[in-house]
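Structure at a glance
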Amino acid sequence: MRLGALSIALAIGTMAGSAHAADPRERLYDPTDGVMVVAHRACHAPAPSRGLTSAVPENSLAALERCIALGVDVVEVDVRRTQDGALVLMHDAKVDRTTTGKGRVADLTLGELQALRLKAGDQATDSAPPTLSAFLKAARGRILVNLDLKQGSPAQVARLVHDVDAADWVLFKARAGLGAPPIADLPLYKNLAFMPIIGGKGAPRAGQLAAITTAQASGARAIPAIELDGVKKNGFVAVRDAARAAGVRLWTNALAGKGLKGLPDAAGDRRALIDPAKAWGGLIAQGVSVVQTDYPAALLDYLDGQGLRGAATITVADARWSFPGQRAASPRSR
């Protein structure tokens with residue numbers, strides 16, 4: 001079995017006032033429950049349509065609060081490990097771009113890191129880089145959290161998740177290779193949920209990608225979705241059809257070149273800000289139902305305008321199929 005860079009999604013608590021399923025993880029496991037929005041590095045960008053005209057630091061508690069205020073479904077952040085073993089949020093290996101300091105996260109102690117101040121663009125703020133523990137506690141009961149694990153072991157993160165009493169709302173995800181058994185069935189993920197990532201550099205042929213999808217969805221424990229990474233058109237269609245047969249969602253980036261290649265997201269978010277129906281709408285028409293973006297407010301505006309939130313049915317443009325009405329079982333129901 002081959003595992004690539006690990007990411008983790010945490011679905012913590014319920015979203016008050018939501019028109020969707022009361023349990024956010026149940027919504028993720030239900031491919032009939034409309035399109036879900038993932039905010040890349042949290043909601044750091046301005047959202048002028050919602051009266052938010054300034055940026056906030058990425059991977060910050062302020063960006064978390066903005067996601068919650070906007071009604072975003074999932075907040076994505078990046079996890080790294082300090083010299084003394086603490087888990088913190090930072091996208092880059094170095095702190096130079098996003099803080100007032102310089103150097104590698106792995107060479108700094110937690111105290112040294114938290115003495116720095118996060119930047120919003122070029123402007124320093126009063127906020128320090130948050131720990132993973134602090135972020136999860138702030139998010140609990142308010143939003144889903146997707147963690148992209150840049151450093152630190154899955155076991156260390158799992159221990160922290162248990163320590164903050166979030167184990168019932170965790171979705172781990174990692175790359176699945178050809179011939180790998182269902183990763184969700186591994187002992188590490190007992191009492192946790194898991195989603196495979198498929199694709200990447202040197203991605204297998206379309207039939208092999210479909211075989212990986214089917215194998216990963218065939219275990220004793222259900223998976224909620226397949227995340228796509230650099231999959232080309234023929235491979236996408238094969239994975240999509242296999243995912244549909246398994247009753248799971250498709251999750252992709254709208255960041256240029258990250259999720260799919262040769263499909264409507266080739267220009268990514270930049271095209272979507274000009275023509276959301278062609279970029280984001282094209283992805284959805286092809287069968288994607290979880291979209292990660294740097295502009296979550298604009299995507300939410302588009303989805304709300306098109307009636308694609310909640311229990312909307314997604315009809316695929318080229319094959320004319322839609323997700324069946326049957327709800328996929330979550331790990332807690334198996």
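Everything numeric here is computed off the predicted structure, so don't read it as measured data. (Residues numbered from 1 in each chain as written. Predicted model: local features only at pLDDT ≥ 70, side-chain atom pairs only at ≥ 80, totals over all residues. Heavy atoms only, no water.)

So, on to the pairing of strand β7 (residues 143-149). For β7, a buried count of seven out of seven residues is recorded, marking the element as mostly surrounded by other parts of the structure. Neither face of β7 is exposed, since Ile143, Val145, Leu147 and Leu149 on one face and Leu144, Asn146 and Asp148 on the opposite face are all buried. Sheet topology places strand β3 (residues 74-81) next to β7; six bridges connect them, and they run parallel. Along β7, the bridge assignment pairs glutamate 76 with asparagine 146. (Buried < 20%, exposed > 50% of the residue type's maximum accessible area, 1.4 Å probe, protein only. Helix = DSSP H or I, 4+ residues; strand = E, 2+ residues; numbered from the N terminus. Pairing = 2+ DSSP bridges.)

A separate point is the nonpolar core. Core analysis: the largest hydrophobic core is formed by 67 residues, its most contacted members being Val72, Val75, Leu132 and Val145. By residue number, the principal contributor to this core is helix α10 (residues 296-306), which donates five residues. Leucine 132 has contacts with Val79, Leu87, Val88, Leu89, Leu147, Val157 and Leu160, leaving out every residue within four places of it along the chain. Grouped together as the second largest cluster of nonpolar side chains are 13 residues, Val74, Leu144, Ala222 and Trp251 included. (Core = buried A, V, L, I, M, F, W, Y, C linked by side-chain atoms within 4.5 Å. Contact = heavy atoms within 4.5 Å.)

Okay, the packing of aromatic side chains next. Two measures describe an aromatic ring pair: the distance that separates the ring centres and the angle between the ring planes. Under the definition given, this model contains two aromatic pairs. Residues tyrosine 189 and phenylalanine 194 carry aromatic rings whose centres are separated by 4.9 Å and whose planes lie at 45° to one another, so their mutual orientation is tilted. In this pair, the class of tyrosine 189 matches that of phenylalanine 194, namely buried. Members of the aromatic cluster, connected to one another through ring pairs, are Phe172, Tyr189 and Phe194. (Phe/Tyr/Trp six-rings, centres within 6.5 Å; stacked < 30°, edge-to-face > 60°.)

So, on to the state of the cysteines. Tallying each qualifying case throughout the model produces one disulfide. Two residues share a disulfide in this structure: cysteine 43 and cysteine 67, whose sulfurs sit 2.1 Å from each other. Taking the torsion about the sulfur-sulfur bond, which here is approximately 105°, the covalent link between cysteine 43 and cysteine 67 counts as right-handed. Note that cysteine 43 is positioned in the loop between β2 (36-39) and α2 (61-70) and cysteine 67 in helix α2, a separation of 24 residues in sequence. In this structure, cysteine 43 and cysteine 67 share a single accessibility class: buried. (Disulfide = S-S within 2.5 Å.)

Below, the discussion takes up helix α5 (residues 154-163). Gln156, Val157, Ala158, Leu160 and Val161 are the residues of α5 that are buried. Looking at the residues trailing α5, positive phi occurs at aspartate 165, about 60°.

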